[in-house]
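# Remarks on the overall topology
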Amino acid sequence: MFCPRCGKADQMPETYCRQCGLFLPDLSKPLKRESPPEEHLKANTVLSAMTIIASFSLSFLLFLILGFRSFTHPLIYVTAGILMAIGGWHIQTLIRTLMLKKQWKRRAPLSEIQAGPPVTPMISRSTPTAKLLDQANLADTIPASVTEHTTRHLAETLPHNHDS
Ligand SMILES: [Zn+2]
C-alpha cells in the first residue's frame, strides 16, 4: 500500500510508514466498534457476581468436605482463605460498579448529548478562494531579467530606510 502522507509505496498495513512514520491502518479490516460504558458496567456486574458466588461456595465446600478432619492438610485452609479473599474483593468491585451505574444513569443519555447543536463543517462555511483573492495584476509583475537590477536598487535604498 501507499502512504497517504508522503506517498511511499510497497508498505505493509498495520505498520508505520518507512519514510515519514505515519501509522498505516489496515483499511480492508472493519473498524473496531467501541462498546459503550454501560456494557462494560453490565459485564463487570455479572462477572463480579459470578466470582463472588463461585469463590464463596467453593470455600464453603472445601470446609464442608475436607475441613476439620484429622487428615485435613493446612493447605486446604489456605486455599479456602484465598477463595474467601477473592470473593470479598469482588464484593467491593460489585459495590463500586453499582455506584458507577447509578452515576451513569443520572447523566444525560448519550443520544441527548449527541443531539446538540449541529456542527457545521468548516468547508461549507468557507468562501470559495476565487472570491477572496484579488485578480492577479500582471502589470505589477517583474520580468525575471529585471530582478538583478531590482536587487541592486534595494541594496542601495536599504540603509537609508533604516535611518528613518
Ligand atoms: Zn509516509
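The structure contained in this document is the topic of the report that follows. Owing to the predicted nature of the structure, the values given are computational and were not obtained by experimental measurement.

So, how was this worked out
Residues numbered from 1 in each chain as written. Predicted model: local features only at pLDDT ≥ 70, side-chain atom pairs only at ≥ 80, totals over all residues. Heavy atoms only, no water. Helix = DSSP H or I, 4+ residues; strand = E, 2+ residues; numbered from the N terminus. Contact = heavy atoms within 4.5 Å. Areas by Shrake-Rupley, 256 points an atom, 1.4 Å probe, with all protein chains shown as cover. Donors = N, O, S within 2.8 Å, 3.2 Å for Na, K, Ca; no water. Tetrahedral: all angles 85-135°; square planar, octahedral: opposite > 155°, others 65-115°. Patch = residues over 30% accessible without salt bridge, like charges linked within 9 Å, V, L, I, M, F, W, Y side chains within 5 Å. Salt bridge = Lys/Arg side-chain N within 4 Å of Asp/Glu carboxyl O. Buried < 20%, exposed > 50% of the residue type's maximum accessible area, 1.4 Å probe, protein only. Phe/Tyr/Trp six-rings, centres within 6.5 Å; stacked < 30°, edge-to-face > 60°. Expected span 1.5 Å × (residues − 1). Polar contact = N/O pair within 3.5 Å; in protein donor to acceptor, adjacent residues only side chain to side chain.

## Some thoughts on the overall build of the chain
- The secondary structure content of the chain amounts to six helices and two strands.
- Helices and strands in the chain line up, N terminus first, as β-β-α-α-α-α-α-α.
- Restricting to contacts in the chain with at least 6 residues of sequence separation, those with at least 24 account for 36%.
- Approximately 14200 Å² of the chain is accessible, and the part contributed by carbon and sulfur atoms is 66%.

## Regarding the environment of L58
- Examined against the element boundaries, L58 turns out to sit in helix α1 (residues 37-66).
- C-alpha of L58 to C-alpha of M84: the two residues are 26 residues apart in sequence and 8.8 Å apart in space.

## Describing the coordination of the zinc ion
- The protein atoms that coordinate the zinc ion are C3 (SG), C6 (SG), C17 (SG) and C20 (SG), at distances of 2.2 to 2.3 Å.
- Around the zinc ion, the four donor atoms sit at angles spanning 106 to 114°, and that spread fits a shape best called tetrahedral.
- As a motif over one chain, the donors of the zinc ion read C-x2-C-x10-C-x2-C. Pair noted here: C3 is in the segment before β1 (15-16) and C17 is in the loop between β1 and β2 (23-24), with a separation of 14 residues, a long-range link.

## Here we look at the side chain of S48
- By the secondary structure assignment, S48 is in helix α1.
- If we ignore the near neighbours within four places in the chain, the residues touching S48 are H90, T93 and L94.

## What about a nonpolar patch on the surface?
- Taken together, the side chains of F60, L61, L64, I65, L66 and F71 make up a nonpolar region of the molecular surface, amounting to roughly 610 Å² of accessible area.
- Secondary-structure assignment places L66 in helix α1.
- For L66, a relative accessible area of 33% puts it in the partly exposed group.

## Quick notes on the packing of aromatic side chains
- Counted under the stated rule, the structure contains two aromatic pairs.
- Between the aromatic rings of F63 and Y77, the centroid separation amounts to 5.9 Å while the plane-to-plane angle is 35°, which identifies the pairing as tilted. Of this pair, F63 sits in helix α1 while Y77 sits in helix α2 (residues 74-106), and the two are 14 residues apart along the sequence.
- F63 gets classed as partly exposed once you look at its relative accessible area, which sits at 24%.

## Notes on α2
- Taking 1.5 Å per residue as the helical rise, α2 with its 33 residues ought to reach 48 Å, and the 49 Å between its terminal C-alpha atoms agrees with that figure.
- Of all the positions in α2, only I76, A80, L83, G87, L94 and T97 are classed as buried.
- Buried residues along α2 sit in contact with α1.

## Focus on the environment of G67
- For G67, the location among the structural elements is in the loop between α1 and α2.
- Taking the relative accessible area as the measure of exposure, G67 reaches 3% and is therefore buried.
- With 13 residues separating them in the primary sequence, G67 and A80 have C-alpha atoms 9.5 Å apart.
- For G67, the contacting residues outside a window of four places in its chain are L62, T72 and Y77.

## Re unusual backbone geometry
- Phi at D10 takes a positive value of approximately 55°, unusual for a residue other than glycine.
- Although it is not a glycine, E14 sits at a positive phi angle of roughly 65°.
- In this fold, E14 is placed in the segment before β1.

## Overview of the side chain of S55
- Structurally, S55 can be placed in helix α1.
- Within the structure, the side chain of S55 is placed 2.6 Å from the backbone oxygen of T51, a separation counted as a polar contact.
- A polar atom in the side chain of S55 sits 3.3 Å from the backbone oxygen of I52.

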